[in-house]
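# Descriptive analysis of the structure
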Amino acid sequence: GDGWGGAMGDSLPPVPPCLGPCPAGHTGPYGGPCAACPSQTSSARGSTELTDCTCLAGYKAASDGVACSVCDAGKFKASTGAGSCTSCLAGTSSASGSNE
(Lines give C-alpha, C1' and ligand atoms only; values in the text may rest on other atoms or scores of the structure.)
Protein backbone atom coordinates (compact mmCIF):
# COMPACT_ATOMS: atom_id res chain seq x y z
CA GLY A 1 0.00 0.00 0.00
CA ASP A 2 0.87 3.63 -0.13
CA GLY A 3 0.68 4.14 3.64
CA TRP A 4 -2.20 6.56 3.35
CA GLY A 5 -5.04 4.13 4.02
CA GLY A 6 -7.99 3.53 1.80
CA ALA A 7 -10.49 6.21 2.81
CA MET A 8 -11.15 8.96 0.31
CA GLY A 9 -9.23 12.13 1.13
CA ASP A 10 -6.67 10.44 3.39
CA SER A 11 -3.88 11.28 0.95
CA LEU A 12 -4.38 15.03 1.43
CA PRO A 13 -3.01 16.97 4.40
CA PRO A 14 -5.73 18.21 6.75
CA VAL A 15 -6.81 21.71 5.77
CA PRO A 16 -9.66 23.45 7.56
CA PRO A 17 -12.49 24.16 5.15
CA CYS A 18 -12.99 27.74 4.04
CA LEU A 19 -16.50 27.76 2.66
CA GLY A 20 -17.00 31.50 2.69
CA PRO A 21 -14.94 34.61 3.33
CA CYS A 22 -11.59 34.21 5.06
CA PRO A 23 -11.65 34.84 8.82
CA ALA A 24 -10.06 37.91 10.42
CA GLY A 25 -6.25 37.74 10.36
CA HIS A 26 -6.25 35.85 7.04
CA THR A 27 -6.50 36.70 3.35
CA GLY A 28 -7.58 34.79 0.29
CA PRO A 29 -10.36 34.40 -2.24
CA TYR A 30 -13.95 33.73 -1.16
CA GLY A 31 -14.12 29.99 -0.57
CA GLY A 32 -10.38 29.74 0.14
CA PRO A 33 -7.68 28.85 0.43
CA CYS A 34 -7.00 31.33 3.21
CA ALA A 35 -3.49 32.28 4.35
CA ALA A 36 -2.53 33.82 7.68
CA CYS A 37 -1.40 37.44 7.69
CA PRO A 38 2.31 38.18 8.33
CA SER A 39 3.64 38.55 11.88
CA GLN A 40 2.13 41.36 14.01
CA THR A 41 -0.52 42.23 11.40
CA SER A 42 -4.23 41.62 11.16
CA SER A 43 -7.01 41.94 8.62
CA ALA A 44 -10.78 42.17 8.64
CA ARG A 45 -12.94 39.11 7.91
CA GLY A 46 -13.32 38.69 4.14
CA SER A 47 -9.95 40.25 3.23
CA THR A 48 -8.69 39.09 -0.15
CA GLU A 49 -5.35 40.88 -0.66
CA LEU A 50 -2.10 40.55 1.30
CA THR A 51 -2.05 44.36 1.59
CA ASP A 52 -5.27 44.06 3.65
CA CYS A 53 -2.98 42.81 6.45
CA THR A 54 -1.98 45.90 8.41
CA CYS A 55 0.29 46.46 11.41
CA LEU A 56 -1.21 46.28 14.85
CA ALA A 57 -0.98 49.42 17.00
CA GLY A 58 2.45 49.49 18.66
CA TYR A 59 4.13 47.95 15.57
CA LYS A 60 5.73 49.57 12.51
CA ALA A 61 6.39 48.78 8.84
CA ALA A 62 7.07 50.74 5.66
CA SER A 63 4.02 49.26 3.90
CA ASP A 64 0.97 47.08 4.44
CA GLY A 65 1.14 43.33 3.78
CA VAL A 66 4.55 42.74 5.38
CA ALA A 67 5.62 41.57 8.85
CA CYS A 68 5.75 44.44 11.33
CA SER A 69 8.33 45.12 14.02
CA VAL A 70 7.70 46.37 17.53
CA CYS A 71 8.08 50.05 18.42
CA ASP A 72 11.19 50.58 20.54
CA ALA A 73 10.96 51.63 24.17
CA GLY A 74 10.41 55.40 24.35
CA LYS A 75 8.32 55.36 21.15
CA PHE A 76 4.70 54.52 20.37
CA LYS A 77 2.24 54.10 17.49
CA ALA A 78 -1.45 54.51 18.32
CA SER A 79 -2.82 53.69 14.85
CA THR A 80 -2.95 50.46 12.88
CA GLY A 81 -1.40 50.18 9.41
CA ALA A 82 1.93 51.11 7.91
CA GLY A 83 3.94 53.89 9.45
CA SER A 84 6.64 54.68 11.92
CA CYS A 85 6.67 55.01 15.67
CA THR A 86 6.58 58.42 17.36
CA SER A 87 8.94 59.46 20.15
CA CYS A 88 7.36 60.05 23.55
CA LEU A 89 7.19 63.61 24.83
CA ALA A 90 10.21 64.87 26.77
CA GLY A 91 10.16 63.57 30.33
CA THR A 92 7.91 60.60 29.48
CA SER A 93 8.64 57.04 28.41
CA SER A 94 6.95 53.87 27.20
CA ALA A 95 7.65 50.17 27.04
CA SER A 96 8.42 48.54 23.69
CA GLY A 97 5.25 47.83 21.70
CA SER A 98 3.35 50.75 23.22
CA ASN A 99 0.30 52.11 21.44
CA GLU A 100 -0.13 55.25 23.53
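Residues numbered from 1 in each chain as written. Predicted model: local features only at pLDDT ≥ 70, side-chain atom pairs only at ≥ 80, totals over all residues. Heavy atoms only, no water.

### Description of the state of the cysteines
Put plainly, a disulfide is one covalent bond tying together the sulfur atoms of two cysteines. What the rule picks out here adds up to four disulfides. A sulfur-sulfur distance of 2.0 Å marks the disulfide that ties Cys-37 to Cys-53. A torsion of -70° about the S-S bond marks the disulfide between Cys-37 and Cys-53 as left-handed. Here the residue Cys-37 occupies a position in the loop between β2 (35-36) and β3 (41-42), and Cys-53 occupies one in the loop between β3 and β4 (54-55), the gap between them amounting to 16 residues. Overall, the relative accessible area of 13% leaves Cys-37 in the buried class. When the bonded cysteines of the chain are counted from the start of the sequence, the pairing works out to 1-2, 3-4, 5-6, 7-8. Considering cysteine sulfurs only, Cys-71 is the nearest to Cys-88, which forms no disulfide, with 9.4 Å between them. The buried category is assigned to Cys-88, whose relative accessible area is 17%. (Disulfide = S-S within 2.5 Å. Helix = DSSP H or I, 4+ residues; strand = E, 2+ residues; numbered from the N terminus. Buried < 20%, exposed > 50% of the residue type's maximum accessible area, 1.4 Å probe, protein only.)

### Concerning the environment of Ala-62
Position of Ala-62 relative to the elements: it lies in the loop between β5 (59-60) and β6 (69-70). Using a relative accessible area of 82% as the deciding quantity, one classes Ala-62 as exposed. Between the C-alpha atom of Ala-62 and that of Ser-84, which follows or precedes it by 22 residues, the distance is 7.4 Å.

### Regarding the environment of Ser-84
Tracing the backbone shows Ser-84 in the loop between β7 (75-76) and β8 (86-87). Accessibility expressed as a relative area gives 59% for Ser-84, which makes it exposed. Considering only alpha carbons, one finds Ser-84 and Gly-58, 26 residues apart in sequence, at a separation of 9.5 Å. When neighbours within four sequence positions are excluded, Ser-84 is seen to be in contact with Lys-60 and Lys-77. (Contact = heavy atoms within 4.5 Å.)

Fair warning: the whole summary comes from geometry, so function is off the table for now.
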